[in-house]
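What follows is the residue order along each chain.
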Amino acid sequence: MQNYFNYFTEIEERFQQRRGSLLMLSTLDWALIETWREAGVPLEAVLRGIDHAFDKHDAKTLRFAGRVRKVNGLAWCAQSVMEAVEQATEASIGAGAGAQEAMESGFETERVVKYLEQNAGTIEAAKLNPPANAIAAEVAGRLKALAVGLRVEPMHSLEELDRTLSVLEEKMFAALLTSAPEEELFALREQAARELAPYRGKMKAVQIKQVQQQFLQKKVLEIRKLPRLSLFYMGHG
């Protein structure tokens, strides 16, 4: 079981290793990883799915003497990852205690406090339009309060804290969507549709919708230089 925040890095490294080059993951790829993470897909299942997809691709390349197109995106592995998840479902039953123990490694209280305070400062420094500015100030205040609370009494549940941070992020994102220019949102949705086009046959409709939403959220936050709040991002970015 990997450390809690290694999810993104391990997936990126495995994909690059199997592809044979340091192709940087796109915003679409990161959005797909987000949907796996939020759905609780085990890291091992993702890595197994990536390996299986490339095993099939490599075999096909050998048969057709190099006339097979190179893999250019993580979404190409989506179907194999879902198959690996189905195969791993039974094996994951009863692993809850071990997962919780692994999740807590690397999350010292002081480190989490600094992470919360840093994100609060970044949000406060952002120049946002109404109503996003008011919501952002509220979120920053809540992050500071969480940090103060942790200094007084160390956390008992990382999962509970992370759920709180996810709620705050969703609240901030909803306000950003309300205040974002219509042309910006239209352009981002068009970009997501273009990048997803080659993979529509390999992904289910509900997964495509989730990836589109994650893509939009990531880009809207990036444009405004706002941080992601989940504890996963302590070890990424």
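Residues numbered from 1 in each chain as written. Predicted model: local features only at pLDDT ≥ 70, side-chain atom pairs only at ≥ 80, totals over all residues. Heavy atoms only, no water.

Undergrad: Hey, could you go over the nonpolar core for me, with residue numbers and the actual values?
TA: For soluble globular proteins, nonpolar side chains are generally found buried alongside one another. In terms of nonpolar packing, the biggest core is built from 70 residues, with Ile11, Trp36 and Leu143 touching the most fellow members. A per-element tally of this core places helix H7 (residues 132–152) first, with nine residues. Those residues in contact with Trp36 that sit more than four places away from it in its chain are Tyr7, Ile11, Val41, Val46, Leu74, Ala78, Val81, Met82 and Gln207. (Core = buried A, V, L, I, M, F, W, Y, C linked by side-chain atoms within 4.5 Å. Buried < 20%, exposed > 50% of the residue type's maximum accessible area, 1.4 Å probe, protein only. Helix = DSSP H or I, 4+ residues; strand = E, 2+ residues; numbered from the N terminus. Contact = heavy atoms within 4.5 Å.)

Undergrad: Would you mind going over the pattern of salt bridges in detail, with residue names and values included?
TA: Overall, the coordinates contain 14 salt bridges when judged by the stated rule. As a salt-bridge pair, Glu138 and Lys171 come within 2.3 Å of each other at their nearest N and O atoms. In this pair, Glu138 is assigned in helix H7 and Lys171 in helix H8 (residues 158–179), connecting sequence segments 33 residues apart. Owing to a relative accessible area of 36%, Lys171 belongs among the partly exposed residues under this scheme. Its salt-bridge partner being Glu222, residue Lys218 comes within 3.5 Å of it at the nearest N-O pair. Within this pair, Lys218 and its partner Glu222 are both found in helix H10 (residues 205–223), separated by four residues, close to a single helical turn. (Salt bridge = Lys/Arg side-chain N within 4 Å of Asp/Glu carboxyl O.)

Undergrad: I'd love a proper account of the packing of aromatic side chains, names of residues and values included.
TA: Applying the stated criterion across every chain, the model contains four aromatic pairs. Where Phe8 meets Trp30, the ring centres are 5.8 Å apart and the plane angle is 55°; that geometry is what we call tilted. Of this pair, Phe8 sits in helix H1 (residues 7–19) while Trp30 sits in helix H2 (residues 27–38), and the two are 22 residues apart along the sequence. When sorted by exposure, Phe8 lands in the same class as Trp30, which is buried. Relative to Phe54, the ring of Phe15 has its centre 5.8 Å away and its plane inclined at 65°; by these criteria the two rings are edge-to-face. Pair noted here: Phe15 is in helix H1 and Phe54 is in helix H3 (residues 43–63), with a separation of 39 residues, a long-range link. Accessibility expressed as a relative area gives 0% for Phe15, which makes it buried. Here Phe54 falls in the buried class, since its relative accessible area comes to 2%. Connected via pairs of aromatic rings, a cluster forms that spans Tyr7, Phe8 and Trp30. (Phe/Tyr/Trp six-rings, centres within 6.5 Å; stacked < 30°, edge-to-face > 60°.)

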